[in-house]
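Commentary on secondary and tertiary structure
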Amino acid sequence: MNKPLALKMTPQTLEEVLGQKHLLGEGKILRNLVKNKKIFSMILYGKPGIGKTTIATAMVNDLGVRYRFLNATMNNKKDFDTVVEEAKMYDGIVLIMDEIHRLNKDKQDLLLPQLESGLITLIGMTTSNPYYKINPAIRSRCQIFELKDLTREDIIEGLHRATKHPDLEGIQIDEEAITHIANLAGSDLRYAYNLLEMAFYSSNEKTVTLDLIKNINNKPVIVSDKDESGHYDLLSAFQKSIRGSDVDASLHYLARLIEIGDLDSIYRRMSVIAYEDIGLANPDIGPRVMAAIHASELVGLPEARIPLAEIIVEMALSPKSNTAHLALDKAIEDVESGRCDDIPETIRIHSTIYKYPHDYPNNFVVQQYLPNNLKHRKYYIPKDTSPNERMLKQIKEKLDRLKEGQEKVEKTRENERKEN
C-alpha cells in the first residue's frame, strides 16, 4: 500500500507534535497528564489538519495504554459492541473516536454507561464546536480542549522535518519554496506535506522550485466547510468587520468568500447586515444591496466581484444603527412573557370612538394605542449618529411634545368637567 508522506510523518509521541503549546508545552495540561500517567475522557476540537488525531495517538503511545480507533459515522453498532467487550476483557480501554459530533443515539446509549463506570476512556475529535454539536450527556463526561491554528513557523518546521524523510531522499529545495508551501497551506500541515510530496515526485532531478510549486497549486487553502464551524466563523468575521466599519477587513473576508465561490452566503449575509447593522441610519442601503445582488447574479463570477466590492465598501463606511430591531426585540420579549392586555377599545375594528388622525391639526391626535399594561412602554430609542435617525428623532420628539400638549389640554378639560 502506497502510504502518503503525511501519514508517515505522523508523530508517535507528544515530543514530536508541532504547535499546540497551550496544551503540550512544558507544564501544560496534556503534557502533565502524560507525565503523571493519567488520562481522562476528553474532546479535542479544531480545524482539519492541525493535529487532533495526532495528539490523541501520541498520548496513548506515551502512556502505553490499550486503545481502539473508531469513526462515529463509518463504524456500526457492532464495532462499538466489540470495543465494549474488549474493554471488559482487559478492564479498560481508550477509545479514540473521530467525528464524535455525528454519534447517533444508539451508539450514545451503548457508550454512556461505560464512560460513567470508567471502563472506557474517550478521546473524541471534531471540527465542530462541541458546545453546540455534541450531545450534552457525552459532553458532560468529557473535558473539552480547543486546538489552535498552526502558525506558519510550525508548518515550516514540519516541512523541514519532511525533507529529511527517506521518501524524499536527495530532495533539493530552498527556503523560498518551503515558505511558499507554508503560505499556501494556511494552518493545514497535512496539505503542506501532500504538496511537498507531489512536488518532489513531479520534479526534475529531485529539485523542487518555487515555479514548480506554483504550477501545481497557487491558490491558498481557505478553511470554510459549509457544514462546520469554520464556515460560520468566516461569515461572522465578514459581518462583524462591516458592523465595525473596517472597510479593509470587510473586503478581505469578502475576498475569501469569493475565492471559495460562496455567493449565496455573501448575498444572505449582506441582506441581513443591511437591516440588522445599518438599518435606519441609512435606509437606502436595503434596495442598493438588492440591486448589487441582482447585478452580481446577472454577470456571475469573476465580474460579480465588481458590484460586490462597491456595495461592501459602501456598507462598511455607512453609519450604523440597530435601533429598529432592538425595539422589536423588546416588543417580542413582552409578547413572549405574556404582557398582552386587551387591545384598547379606541383602535378595535368596530370602534365607535376611534379618532381619525387626518381630521386633526398636524394629522395627529392623542389616543391610546398600546394595551393598558404597556401604555407607557417605550421600545424605539433613536440614535443621533446619522442624518436619517436625527430626522426620525426630531419627528418623534415633535410628536411627543404634541402628545404631551394634547394630554395636558384633555386633563384640564377633565378636571373642569369634574368641578362642574
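Read on for a plain summary of the structure.

Cut-off values and rules
Residues numbered from 1 in each chain as written. Predicted model: local features only at pLDDT ≥ 70, side-chain atom pairs only at ≥ 80, totals over all residues. Heavy atoms only, no water. Helix = DSSP H or I, 4+ residues; strand = E, 2+ residues; numbered from the N terminus. Rg over C-alpha atoms; globule rule 2.2 N^0.38 Å. Buried < 20%, exposed > 50% of the residue type's maximum accessible area, 1.4 Å probe, protein only. Contact = heavy atoms within 4.5 Å. Phe/Tyr/Trp six-rings, centres within 6.5 Å; stacked < 30°, edge-to-face > 60°. Lys NZ or Arg CZ within 6 Å of the ring centre and 35° of its normal. Core = buried A, V, L, I, M, F, W, Y, C linked by side-chain atoms within 4.5 Å. Right-handed = clockwise from strand over helix to strand, strands pointing away. 1 Å grid on protein atoms, 1.4 Å probe; cavity = no way out; pocket = protein on both sides within 12 Å on 5 of 7 lines; lining within 4 Å. Points joined across faces, edges and corners; volume = space filled by probe spheres on them. Nonpolar A, V, L, I, M, F, W, Y, C, P; charged D, E, K, R; others polar. Salt bridge = Lys/Arg side-chain N within 4 Å of Asp/Glu carboxyl O. Axes fitted to C-alpha atoms, helices over the stretch in contact; angles between N-to-C directions. Left-handed = near helix turned anticlockwise from the far one by under 90°. Polar contact = N/O pair within 3.5 Å; in protein donor to acceptor, adjacent residues only side chain to side chain.

For the chain, the helix and strand inventory stands at 19 helices and 7 strands. Relative to the 2.2 N^0.38 estimate, which gives 22 Å for 420 residues, the radius of gyration of the chain is 31 Å and therefore markedly larger than a compact globule would have. Within the chain, buried positions represent 42% of all 420 residues. Counting contacts in the chain only where the partners sit at least 6 residues apart, residues at least 24 apart contribute 73% of the total.

Turning our eyes to something else, we now look at the packing of aromatic side chains. A full pass over the atoms with the stated rule returns 1 aromatic pair. When the centroid spacing of 4.9 Å and the interplanar angle of 85° are considered together, the rings of phenylalanine 200 and tyrosine 201 count as edge-to-face. Here phenylalanine 200 falls in the buried class, since its relative accessible area comes to 7%. Judged by relative accessible area, tyrosine 201 falls into the exposed class, the value being 54%. For the cation-ring pair, lysine 38 lies above phenylalanine 40, with the distance from its terminal atom to the ring centre recorded as 5.4 Å. Sitting above the plane of the tyrosine 90 ring, arginine 66 keeps its charged end 3.6 Å from the centroid.

Let's shift gears to the nonpolar core. Within the largest apolar cluster, 50 residues are counted, with the highest numbers of intra-cluster contacts made by Leu30, Met42, Leu44, Ile55, Met59 and Ile123. For this core, the leading source of residues is helix α11 (residues 189–201), giving 8 residues. Of all hydrophobic cores here, the second largest spans 24 residues; its members include Tyr45, Ile93, Leu103 and Cys142.

Time to look at the side chain of threonine 346. With respect to the helices and strands, the residue threonine 346 is situated in the loop between α18 (323–336) and α19 (387–419). Judged by its relative accessible area of 15%, threonine 346 falls in the buried class. When residues no more than four places from it in sequence are discounted, the contact partners of threonine 346 are Ser351, Ile353, Tyr354, Gln367 and Gln368.

With 7 of 7 residues buried, strand β4 (residues 120–126) is to be regarded as a mostly interior element. Neither face of β4 is open: one carries Ile120, Leu122, Gly124 and Thr126, the other Thr121, Ile123 and Met125, and all of them are buried. Assessed by its sense of winding, the connection that carries the chain from strand β3 (residues 93–98) through helix α6 (residues 105–117) to β4 is right-handed.

There is about 730 Å³ of room inside the second largest pocket. In terms of lining, the second largest pocket is formed by 20 residues, of which the most central are Leu370, Lys375, Lys378, Asp400 and Lys403. Residues that form the lining of the second largest pocket fall into these classes: 9 nonpolar, 3 polar and 8 charged.

Bringing the pattern of salt bridges into the picture now. Inspection of every chain in the model, using the stated rule, returns 20 salt bridges. Ionic pairing is found between glutamate 157 and arginine 161, a salt bridge with its closest N-O pair at 3.1 Å. Residue glutamate 157 and its partner arginine 161 are both found in helix α9 (residues 152–162); the two are separated by 4 residues, about one turn of the helix. Its relative accessible area of 38% is what places glutamate 157 among the partly exposed residues. Given a relative accessible area of 31%, arginine 161 falls into the partly exposed group. Across the pair aspartate 277 and arginine 243 runs a salt bridge, and its minimum N-O distance is 2.6 Å. Within this pair, whereas aspartate 277 is found in helix α15 (residues 263–278), its partner arginine 243 is found in helix α13 (residues 229–243), the two being separated by 34 residues in sequence.

For the rest of this paragraph, the subject is the packing of helix α14 (residues 247–259) against helix α17 (residues 305–317). Relative orientation of the contacting elements α14 and α17 amounts to 150°, with a least axis distance of 9 Å. Along this stretch, α14 crosses α17, giving a crossing that reads as right-handed. Contacts between α14 and α17 involve Val247, Ser250, Leu251, Leu254 and Ile258 on the former and, on the latter, Arg305, Leu308, Ala309, Ile312, Val313, Ala316 and Leu317. Its residues assigned to classes, the contact of α14 with α17 comprises 10 nonpolar, 1 polar and 1 charged.

Bringing the environment of aspartate 341 into the picture now. Topologically, aspartate 341 is positioned in the loop between α18 and α19. Residues aspartate 341 and asparagine 373, 32 residues apart in the sequence, show an inter-C-alpha distance of 6.3 Å. Apart from residues no more than four positions distant in its own chain, aspartate 341 is found in contact with Pro371, Asn372 and Asn373. Polar contacts involving the side chain of aspartate 341 include one to the main-chain amide nitrogen of asparagine 373, which spans 3.2 Å.

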